[in-house]
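# Observations on the three-dimensional arrangement
Here's the letter readout for the chains.
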Amino acid sequence: ELRAHVFLAIEEEERRSGGEGLAKKTANTQRDALITSPQGQLAIDIVREFLEWCGMDFTSKVFEPEIGNSGDGDDRARSGRDQLAQQLGVRAG
């Protein structure tokens, strides 16, 4: 919980001061490859769904800025649960 609050405070200050956010300031070629590929975006959506399903709100609040998404109007489309299930070939439940 503490890490989430610290991370969110830093991210908020970065954006408020006109910055691009922490993810864009830190070089991470693995993350960049992940968010630009369809398979990577699917993996990100699976992690998001898992964190939501488990009620892991604080972990999610750290994950979003680290992956490069503030969670508010991000330019990458998020898959809904039904769409995610369809992509994976499983039933949503």
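On a predicted model such as this, the values are computed, not experimentally measured, just so you know.

This paragraph deals with the overall build of the protein chain. Check the secondary structure of the protein chain and you find six helices and zero strands. Expressed as a percentage of its 93 residues, the buried residues of the protein chain come to 28%. Nonlocal contacts in the protein chain, meaning residues at least 24 apart in sequence, comprise 47% of its contacts between residues at least 6 apart. For the protein chain, the exposed surface amounts to about 6,500 Å²; the carbon and sulfur share of it is 54%.

A few words now on the confidence of the model for the protein chain. Of all residues in the protein chain, 81% attain a pLDDT of 70 or more, and the chain-wide mean is 79. Confidence, read as mean pLDDT per element, is least for helix H2 (residues 22-25) in the protein chain (66) and greatest for helix H4 (residues 38-53) (92). Note on residues 70-76: pLDDT under 50 across the span, and nine contacts to partners over four residues away in sequence or across chains.

Side chains of Leu2, Val6 and Ile10 sit close together on the surface and give an oily, nonpolar patch of about 290 Å² of accessible area. Its location among the elements puts Ile10 in helix H1 (residues 2-16). For Ile10, a relative accessible area of 43% gives the class partly exposed.

Counting residues in hydrophobic clusters, the biggest one holds five residues: Ile35, Ile44, Leu51, Phe63 and Ile67. Taken together, the elements giving at least two residues each to this core come down to H4 and helix H5 (57-67).

Take Asp45: it is sitting in helix H4. Judged by its relative accessible area of 4%, Asp45 falls in the buried class. In this structure the side chain of Asp45 is engaged in a polar contact, spanning 3.2 Å, whose partner is the side chain of Arg48.

Moving on, we get to the packing of H4 against H5. Relative orientation of the contacting elements H4 and H5 amounts to 160 degrees, with a least axis distance of 10 Å. As judged from the angle between their axes, H4 and H5 are roughly antiparallel. Between H4 and H5 lies a crossing whose hand is left-handed. Note on element contacts: H5 touches H4 through Thr59, Ser60, Phe63, Glu64 and Ile67, opposite Ile44, Val47, Arg48 and Leu51. Residues of the contact of H4 with H5, tallied by class, amount to five nonpolar, two polar and two charged.

So, how was this worked out
Residues numbered from 1 in each chain as written. Predicted model: local features only at pLDDT ≥ 70, side-chain atom pairs only at ≥ 80, totals over all residues. Heavy atoms only, no water. Helix = DSSP H or I, 4+ residues; strand = E, 2+ residues; numbered from the N terminus. Buried < 20%, exposed > 50% of the residue type's maximum accessible area, 1.4 Å probe, protein only. Contact = heavy atoms within 4.5 Å. Areas by Shrake-Rupley, 256 points an atom, 1.4 Å probe, with all protein chains shown as cover. pLDDT = per-residue confidence, 0-100. Patch = residues over 30% accessible without salt bridge, like charges linked within 9 Å, V, L, I, M, F, W, Y side chains within 5 Å. Salt bridge = Lys/Arg side-chain N within 4 Å of Asp/Glu carboxyl O. Core = buried A, V, L, I, M, F, W, Y, C linked by side-chain atoms within 4.5 Å. Polar contact = N/O pair within 3.5 Å; in protein donor to acceptor, adjacent residues only side chain to side chain. Axes fitted to C-alpha atoms, helices over the stretch in contact; angles between N-to-C directions. Parallel < 35°, antiparallel > 145°, perpendicular 65-115°, else oblique. Left-handed = near helix turned anticlockwise from the far one by under 90°. Nonpolar A, V, L, I, M, F, W, Y, C, P; charged D, E, K, R; others polar.

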